[in-house]
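Descriptive analysis of the structure
For reference, the chains in residue letters:
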Amino acid sequence: MAKRGGFPGGGMPGNMNNLMKQAQRMQRQMEEQQKEMETREYSAVVGGGAVEATVSGAKVLTKIKISEEAVDPEDVETLEDLVLAAVNEALKQAEDASQEMMRGISGGLNLPF
């Protein structure tokens, strides 16, 4: 009587076994790279050095520097815009680095991370 379903011998075929090993290796690499990413810092300077924002690789704002020249009580809106621009640019740098790291691990495969 013929067996129904499954693979001969009950095990995975060689290609499937190799795929599983590659997936596990990729997952370990991603975890290691993610830990490393979280220790990095990304800074953006805007307004000719008026405002600098620094974020971690975990995309957490860690530092803001504002030059004295940027503080004008009559023009708070410009300072607010500069702070937003610096923070957003630093976050973009962290995101771009994260995406680049993922592309390196996945070998250019279009995987949904």
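Residues numbered from 1 in each chain as written. Predicted model: local features only at pLDDT ≥ 70, side-chain atom pairs only at ≥ 80, totals over all residues. Heavy atoms only, no water.

Some thoughts on the pairing of strand β1 (residues 41-46)
Each regular strand carries side chains that alternate between the two faces of the sheet. Here β1 shows one buried face, formed by Tyr42, Ala44 and Val46, and one open face, formed by Glu41, Ser43 and Val45. Relative to strand β2 (residues 51-56), β1 runs antiparallel, the two being bridged by six bridges. Looking at β2, one finds that Glu41 is bridged to Ser56. Count of turn residues in the β1/β2 antiparallel hairpin: four residues, of which Gly47 carries a positive phi of about 65 degrees. (Buried < 20%, exposed > 50% of the residue type's maximum accessible area, 1.4 Å probe, protein only. Helix = DSSP H or I, 4+ residues; strand = E, 2+ residues; numbered from the N terminus. Pairing = 2+ DSSP bridges.)

Here we look at the pattern of salt bridges
Under the counting rule described, the total for this entry stands at four salt bridges. Between Lys59 and Glu95 there is a salt bridge; the shortest N-O distance is 2.6 Å. Of this pair, Lys59 sits in the loop between β2 and β3 (61-66) while Glu95 sits in helix α2 (residues 76-106), and the two are 36 residues apart along the sequence. Accessibility expressed as a relative area gives 37% for Lys59, which makes it partly exposed. Asp96 serves as the salt-bridge partner of Lys92, at 2.8 Å between the closest nitrogen and oxygen. Here Lys92 and its partner Asp96 are both found in helix α2, four residues apart, which amounts to about one turn of the helix. On the basis of relative accessibility, which here comes to 46%, the residue Lys92 falls in the partly exposed class. (Salt bridge = Lys/Arg side-chain N within 4 Å of Asp/Glu carboxyl O.)

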